Amino acid sequence: MTKFGLRGEDCIKGMARLTNESVDLVVTSPPYNLGIDYRQYADRQDRQLYLNWCAKWSAQIRRILRSDGSFFLNVGSAPSNPMLPHQIVIALTSASGGLLLQNTIHWIKSISIDAKRSDPHLNLPSAPRQAGVEAAVKTHGHFKPINSKRFLNDCHECLFHFTKTGRVELDRLAIGVPYQDKSNIGRWSHTHGSDLRCRGNTWFIPYQTIQSREKERPHPATFPVQLAEWCIKLHGVSRVRTMLEPFLGIGNSAVAAQRCGVKRFIGFEIDKAYLAEAKRRLKARQCHHPTQA
């Protein structure tokens, strides 16, 4: 059973009270400074002030992160502001005693696949000559359309994996996928006869379709529970004794910790309404799945 410590306070002040190297895993997504309408936070600051703030909370994360711990940071951008995620990475890694960027993962929210061209062996139904390409293209996932003549629809976000040493081992096959070409199983010795390979650094995780944001997802910027769940599994569930979420929101990372059976979870959130929703979701899940709580 996961022991939760959800606290209604600023994460920098809250983390300052945690002891050195007491956290195994951090999974979070801070405000992006893109003008998102949060209830208790002004998401449009001077760029340098914002980056300085990122350096402050990341310094606390580095202090409390164990030497073999992992810190997964989800950051999005806007087409008109594409450098923001990379500037945050620079802020987190360039400070004295900063973090090291070990992996960069791309969270794909929506993708369109031309199945007929990408795999000639697929037995797709024939289509009229004029509509051949259209019939073979399938779109999976969701995105916010952009009304622009300059920019493409933004269908992905970054997930940066930081560590203290750059040498933290991961459980790559915990979120592995089967080989497409089964001959690889016997041909490559590293498979050890198992039909499972590393998923790689592109993760297709679409949002669940909802009918009402106010009722089902009352927060303007959340990542799917599955995203946090994969981070937990990739680091290694058995190695996660304490997990931290500095920007809890409505608790998607807490739900992921509950699903995975993480022993202890700490979360900070300054908005009382979001914090209350996170607690409600955890309680509701515990009632419906008592053996998994």
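Located above this text is the structure these notes cover.
Below: a short report on this structure. (Residues numbered from 1 in each chain as written. Predicted model: local features only at pLDDT ≥ 70, side-chain atom pairs only at ≥ 80, totals over all residues. Heavy atoms only, no water.)

## What about the overall build of the protein chain?
Point 1. A tally of helices and strands in the protein chain yields 10 helices and 10 strands.
Point 2. In the protein chain, which comprises 293 residues, the proportion classed as buried is 44%.
Point 3. Across the protein chain, the fraction of contacts at a sequence separation of at least 24, relative to all contacts at a separation of at least 6, is 74%.
Point 4. Of the roughly 16,300 Å² that the protein chain leaves accessible, carbon and sulfur atoms contribute 51%. (Helix = DSSP H or I, 4+ residues; strand = E, 2+ residues; numbered from the N terminus. Buried < 20%, exposed > 50% of the residue type's maximum accessible area, 1.4 Å probe, protein only. Contact = heavy atoms within 4.5 Å. Areas by Shrake-Rupley, 256 points an atom, 1.4 Å probe, with all protein chains shown as cover.)

## Details of the sheet that holds strand β8 (residues 202-204)
The pairing of strands in a sheet comes from backbone hydrogen bonds and takes either a parallel or an antiparallel form.
Point 1. The eight strands lie next to each other as β1-β10-β9-β2-β3-β7-β4-β8, forming an open sheet whose pairing is mixed. Of all strands in the sheet, those bounded by a partner on one side alone are β1 (3-7) and β8. Looking at each pair of strands side by side, their axes are set apart by 20 degrees on average, direction ignored.
Point 2. This element, helix α3 (residues 84-94), spans β3 (65-75), β4 (100-108) and β7 (156-163) of the sheet and lies at about 10 degrees to β7. (Pairing = 2+ DSSP bridges. Axes fitted to C-alpha atoms, helices over the stretch in contact; angles between N-to-C directions.)

## Focus: the environment of C260
Point 1. By the element assignment, C260 lies in helix α9 (residues 252-260).
Point 2. We classify C260 as buried; its relative accessible area is 15%.
Point 3. Placed 27 residues apart in sequence, C260 and K233 show a C-alpha to C-alpha distance of 7.9 Å.
Point 4. Ignoring sequence-local partners within four residues, the contact set of C260 consists of E229, I232, K233 and V237.

## Describing the packing of helix α8 (residues 225-235) against α9
Point 1. Between α8 and α9, the least distance of the axes is 8 Å, while the angle of their chain directions is 50 degrees. As judged from the angle between their axes, α8 and α9 are oblique. Between α8 and α9 lies a crossing whose hand is right-handed. Facing α8, whose interface residues are V225, A228, E229, I232 and K233, α9 presents N252, S253, V255, A256, A257, R259 and C260.
Point 2. In terms of residue class, the contact of α8 with α9 is made up of seven nonpolar, two polar and three charged. (Parallel < 35°, antiparallel > 145°, perpendicular 65-115°, else oblique. Left-handed = near helix turned anticlockwise from the far one by under 90°. Nonpolar A, V, L, I, M, F, W, Y, C, P; charged D, E, K, R; others polar.)

## A closer look at helix α2 (residues 47-64)
Point 1. An ideal rise of 1.5 Å per residue puts 26 Å on 18 residues; α2 measures up with 26 Å between its terminal C-alpha atoms.
Point 2. Two or three places before Q48, at the start of α2, stands the capping residue D46, its side-chain oxygen 3.1 Å from that residue's backbone nitrogen. (Expected span 1.5 Å × (residues − 1). Polar contact = N/O pair within 3.5 Å; in protein donor to acceptor, adjacent residues only side chain to side chain.)

## Points about α8
Point 1. Among the 11 residues of α8, nine are classified as buried, and the element is accordingly described as predominantly covered.
Point 2. Burial in α8 covers these residues: V225, L227, A228, E229, W230, C231, I232, L234 and H235.
Point 3. Backbone geometry just downstream of α8 places G236 in the positive-phi region, at approximately 120 degrees.

## A few points about the environment of L25
Point 1. Tracing the backbone shows L25 in strand β2 (residues 23-28).
Point 2. Residue L25 is classed as buried on the basis of its relative accessible area, which comes to 0%.
Point 3. In this structure, the C-alpha to C-alpha distance between L25 and I64, residues 39 residues apart in sequence, is 9.9 Å.
Point 4. With residues up to four places along the chain from it excluded, the contact list for L25 reads L65, S70, F72, C231, I232, H235, V240, T242, M243 and L244.

Purely spatial values, then, with no claim about function.
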